[in-house]
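Inside the fold
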Amino acid sequence: MRIAVIGTGNVGQQLARAFSSVGHEVVFGTRDPHSETSQALAETMDAGMASPREAAQSADLVALAVPGQAVLDTAQTLGDLSGTIVIDPTNPVGPGLLPPASGDERSQAERLADLLPGARVVKAFNTLAAEHMTQGRLGGQPIALFLCGDDAEAKSVVAGIASDLGFDPVDVGGLDRARLTEPLALVWITLAVRGGHGRNFAFSLTRG
């Protein structure tokens with residue numbers, strides 16, 4: 001599968017490594033694909049490099065690995081993604097590491113889906129540290145990868161990638177359930193930043 005990773009920051013690079021490690025072709029989408037930095041990254045990662053729109057239009061699956069505050073603006077530049085699976089690994093973060101007071105009870109993922117009519121949006125990879133995205137186990141235990149989306153087949157595809165990486169895919173429900181997983185990410189951030197746990201931990205499900 002050809003996967004476009006929109007964004008070349010830490011999350012984008014880790015997701016690209018993860019997807020490549022299980023056999024997928026990766027192309028980065030970045031504002032300056034011909035810069036020395038972009039070309040060096042493409043060579044290091046053995047990945048393609050294109051503008052965000054070009055990368056998204058050429059892909060079977062798109063991962064929007066941009067800062068949370070930029071994801072909605074970025075989505076509007078990608079063109080028609082009808083039928084394309086779009087992974088949203090982002091989280092809106094407000095002052096005090098709380099959900100932003102937007103007056104809109106919907107999740108960021110739902111607002112993203114509104115901007116990409118026909119796209120098959122799946123919320124995933126948003127409740128763990130970037131450095132754990134390439135290996136779905138920590139301390140010998142599989143990390144829970146929470147999935148939300150309205151398209152069962154799209155969720156199955158993302159769950160399959162997650163399983164290939166060693167994660168424990170957990171289907172939370174429709175895209176409206178992202179209203180629960182986005183704040184869960186803030187629990188992780190709070191524990192990491194204020195709780196003294198650092199970044200080397202993850203959520204998992206214990207089943208009896």
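Quick look at the structure, then. (Residues numbered from 1 in each chain as written. Predicted model: local features only at pLDDT ≥ 70, side-chain atom pairs only at ≥ 80, totals over all residues. Heavy atoms only, no water.)

Here we take up the layout of surface pockets. Looking at the largest pocket, its volume works out to about 580 Å³. Lining the largest pocket we find 28 residues, and of these Val11, Gly68, Pro89, Thr90 and Asn91 sit closest to its centre. Counting only elements with at least two residues in the lining of the largest pocket, the list comes to helix 1 (10-21) and helix 7 (178-193). The element best represented in the lining of the largest pocket is helix 7, accounting for five residues. Looking at the lining of the largest pocket residue by residue, the classes come out as 18 nonpolar, nine polar and one charged. In this structure, the second largest pocket occupies an estimated 290 Å³ of space. Taken together, 13 residues form the lining of the second largest pocket, with Thr30, Arg31, Pro52, Val66 and Thr74 sitting closest to its centre. (1 Å grid on protein atoms, 1.4 Å probe; cavity = no way out; pocket = protein on both sides within 12 Å on 5 of 7 lines; lining within 4 Å. Points joined across faces, edges and corners; volume = space filled by probe spheres on them. Helix = DSSP H or I, 4+ residues; strand = E, 2+ residues; numbered from the N terminus. Nonpolar A, V, L, I, M, F, W, Y, C, P; charged D, E, K, R; others polar.)

Core analysis: the largest hydrophobic core is formed by 34 residues, its most contacted members being Phe19, Phe125 and Val158. Broken down by secondary-structure element, the contributors of at least two residues to this core are strand 1 (2-6), helix 1, strand 2 (25-29), helix 2 (36-45), strand 4 (61-64), strand 5 (85-88), strand 9 (144-149) and helix 6 (152-164). Considering every element that reaches this core, the biggest residue donor is helix 6, with five residues. When residues no more than four places from it in sequence are discounted, the contact partners of Phe19 are Ile3, Val5, His24, Val26, Ala63, Ile87 and Ile161. (Core = buried A, V, L, I, M, F, W, Y, C linked by side-chain atoms within 4.5 Å. Buried < 20%, exposed > 50% of the residue type's maximum accessible area, 1.4 Å probe, protein only. Contact = heavy atoms within 4.5 Å.)

A few words on helix 6. An α-helical turn contains 3.6 residues, so any two residues separated by three or four positions project in the same direction. Between its first and last C-alpha, helix 6 extends 18 Å over 13 residues, near the 18 Å set by a 1.5 Å rise per residue. Capping the start of helix 6 is the job of one residue whose side-chain oxygen sits 3.1 Å from the backbone nitrogen of Glu153: Asp151. Just beyond helix 6, the residue with positive phi is Gly166, at close to 100 degrees. (Expected span 1.5 Å × (residues − 1). Polar contact = N/O pair within 3.5 Å; in protein donor to acceptor, adjacent residues only side chain to side chain.)

For helix 7, built from 16 residues, the straight-helix expectation of 22 Å at 1.5 Å per residue is met to within 8% by its first-to-last C-alpha distance of 22 Å. If you check which residues of helix 7 are buried, you get Ala178, Thr181, Glu182, Ala185, Leu186, Trp188 and Ala192. Taken down its axis, helix 7 places every buried residue within 155 degrees of arc, on the same side. Next to the buried residues of helix 7 lie strand 5, helix 5 (108-115), strand 6 (120-123), strand 9 and strand 10 (168-173). (Arc of directions from axis to C-beta.)

On inspection of all chains with the given rule, the structure shows twelve salt bridges. In this structure, the salt-bridge partner of Asp171 is Lys155, at a minimum N-O distance of 2.8 Å. Placement of Asp171 in strand 10 and of Lys155 in helix 6 is noted, with a sequence separation of 16 residues between them. The salt bridge partner of Asp168 is Arg207, with a shortest N-O separation of 2.8 Å. Here Asp168, found in strand 10, pairs with Arg207, found in the segment after helix 7; they are 39 residues apart in sequence, far enough to count as distant. For Asp168, a relative accessible area of 13% translates into the label buried. Bridged by salt links that share partners, the residues Asp88, Lys123 and Glu182 form one connected network. (Salt bridge = Lys/Arg side-chain N within 4 Å of Asp/Glu carboxyl O.)

Let us now look at unusual backbone geometry. For Asp46, which is not glycine, the phi dihedral falls at a positive 50 degrees. Locating Asp46 in the fold gives a position in the loop between helix 2 and strand 3 (48-50). Positive phi outside glycine occurs at Phe125, with the angle close to 65 degrees. Within the element layout of this structure, Phe125 appears in the loop between strand 6 and strand 7 (137-138).

A separate point is the sheet that holds strand 6. Taking strand neighbours across the sheet as the criterion, the eight strands line up as 3-2-1-4-5-6-9-10 in an open arrangement whose pairing is mixed. Each edge of the sheet is formed by a strand with only one pairing partner; in this case those strands are strand 3 and strand 10. Between one strand axis and the next, the sheet turns through 25 degrees on average, direction left out of account. Taken together, the four bridges between strand 5 and strand 6 define a ladder with parallel strand orientation. (Pairing = 2+ DSSP bridges. Axes fitted to C-alpha atoms, helices over the stretch in contact; angles between N-to-C directions.)

What follows deals with the pairing of strand 5. Burial of the side chains of strand 5 extends over both faces: Ile85 and Ile87 are buried on one face and Val86 and Asp88 on the other. In the sheet, strand 4 pairs with strand 5 via three bridges, with the strands oriented parallel. Its bridge partner lying in strand 5, Val62 is registered against Val86. The handedness of the strand 5 to strand 6 crossover, carried by helix 5, is right-handed. (Right-handed = clockwise from strand over helix to strand, strands pointing away.)

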